[in-house]
Amino acid sequence: MSAVPISVTTLAAMKSRGERIACLTCYDASFAHLLDAAGVDLLLVGDSLGMVLQGHATTVPVTVEQMAYHAGCVSRGRERALVVADLPFLACATPERALDNAARLMQEGGAQVVKLEGGATMLETVRRLTDQGIPVCAHLGLLPQSVHRIGGYRFQGRDHASSEAIRHDALAMQDAGASLLVLECVPATLATEVSVTLTIPVIGIGAGAGCDGQVLVLHDMLGLNPSRPPSFSRDFMSGHDSIAAAIAAYVEAVRTGSFPAVNETPY
Ligand code: KIV
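A. A look at the packing of helix H4 (residues 64-77) against helix H5 (residues 95-107). At a closest axis distance of 8 Å, the pairing of H4 and H5 adopts a crossing angle of 25°. By the angle class used here, H4 and H5 are roughly parallel. For the pair H4 and H5, the sense of crossing is right-handed. On the side of H4, the interface is formed by Val-64, Glu-65, Met-67 and Ala-68, while H5 contributes Asn-101, Arg-104 and Leu-105.

B. Highlighting the packing of aromatic side chains. Enumeration over the complete set of coordinates arrives at four aromatic pairs. Ring geometry for Phe-236 and Phe-259: centres 5.6 Å apart, planes at 75°, overall edge-to-face. With Phe-236 in the loop between helix H10 (218-221) and helix H11 (243-256) and Phe-259 in the segment after H11, this residue pair connects regions lying 23 residues apart in the sequence. Taken as a pair, Phe-236 and Phe-259 share a single burial class, namely buried. Three or more aromatic residues joined by ring pairs form one cluster here, namely Phe-236, Tyr-250 and Phe-259.

C. Looking closely at empty space enclosed by the protein. Throughout the structure, instances matching the rule amount to one cavity of 30 Å³ or more. Put simply, the largest cavity is a space of about 40 Å³. If you list the elements that add at least two residues to the lining of the largest cavity, you get strand E2 (42-45) and strand E6 (180-184). The residue inventory of the lining of the largest cavity, partitioned by class, reads eight nonpolar, no polar and no charged.

D. Local environment of the site of the ligand. As a matter of local geometry, the ligand sits amid Thr-25, Leu-44, Gly-46, Asp-47, Ser-48, Asp-86, Lys-115, His-139, Val-182 and Ile-205. Between an oxygen atom of the ligand and a side-chain N or O atom of Ser-48, the distance comes to 2.5 Å. The cavity that encloses the ligand is the largest pocket. Considering only residue class, the shell around the ligand consists of three nonpolar, four polar and three charged.

E. Quick look at helix H8 (residues 160-176). A rise of 1.5 Å per residue sets the reference length of H8, with its 17 residues, at 24 Å; its end C-alpha atoms lie 24 Å apart and thus fit the reference within 8%. Tucked inside the fold, the buried residues of H8 contact helix H6 (123-131), strand E5 (136-141), E6 and helix H9 (188-197). Between a side-chain oxygen at the N-terminus of H8 and the backbone nitrogen of Ala-161 the separation is 3.2 Å; the capping residue is Asp-159. Just downstream of H8 lies Gly-177, where phi reads positive at about 115°.

The rules behind each value
Residues numbered from 1 in each chain as written. Predicted model: local features only at pLDDT ≥ 70, side-chain atom pairs only at ≥ 80, totals over all residues. Heavy atoms only, no water. Axes fitted to C-alpha atoms, helices over the stretch in contact; angles between N-to-C directions. Helix = DSSP H or I, 4+ residues; strand = E, 2+ residues; numbered from the N terminus. Parallel < 35°, antiparallel > 145°, perpendicular 65-115°, else oblique. Left-handed = near helix turned anticlockwise from the far one by under 90°. Contact = heavy atoms within 4.5 Å. Phe/Tyr/Trp six-rings, centres within 6.5 Å; stacked < 30°, edge-to-face > 60°. Buried < 20%, exposed > 50% of the residue type's maximum accessible area, 1.4 Å probe, protein only. 1 Å grid on protein atoms, 1.4 Å probe; cavity = no way out; pocket = protein on both sides within 12 Å on 5 of 7 lines; lining within 4 Å. Points joined across faces, edges and corners; volume = space filled by probe spheres on them. Nonpolar A, V, L, I, M, F, W, Y, C, P; charged D, E, K, R; others polar. Near = heavy atom within 4 Å. Polar contact = N/O pair within 3.5 Å; in protein donor to acceptor, adjacent residues only side chain to side chain. Sits in = over half its atoms within 2 Å of the grid points. Expected span 1.5 Å × (residues − 1).

So this is what it looks like as structure tokens:
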């Protein structure tokens, strides 16, 4: 019996039933098959591939062509999981450019949802994409594509002004038509509040256990990252003798809310 494919509607229904959503980054067909079989709901073709696959120090060098290529690899390997692909650095410099690039990710790459980083300045773009029937995943908090402006990979939303901006932008993204929101590296109390307030699913990374779902970079949670993994990640290979078992343990830990634990929640 083939599995029923997940859609943005399925994820919204999971949120309303209080079922947590398990997401991992994924960049190729073999891992897509494995993650899908282990029950991962959402495969994020993240521009983190620039760091973990290509060896760059940031995601800035990643191109739309590369994202479409990897999205295609992942789409061909999955059966049930929803494929979300990142619009990389400057791919959304104008709403028109975002529309063309989203079309490439969907038509060449088979992506079902596109993700874009940014708040207020991206609202017009989110409206433009959703008006054309393109499901959008917004991304707030730490925005890795802005690392040179921020001056490093720092937690966001820790002072009044910045937490207010995240609250405001999250609601505005939902109102503009976004179907999902990724919240990266923000305090757990803020992430929980945003998750409870929004009707769309909120997927956290470094944002505590109160979100509707969790995402990790695949190479971090498999202990494959040669550099020190982030403090909010967990090595799921430890204690497991296969990648499939490690992924299944991750899905279980997300579903039960045992990941992230308090010591994996920096703020
Ligand atoms: O590119 C990526 O992998 C991401 C996740 C870290 C959320 O955006």
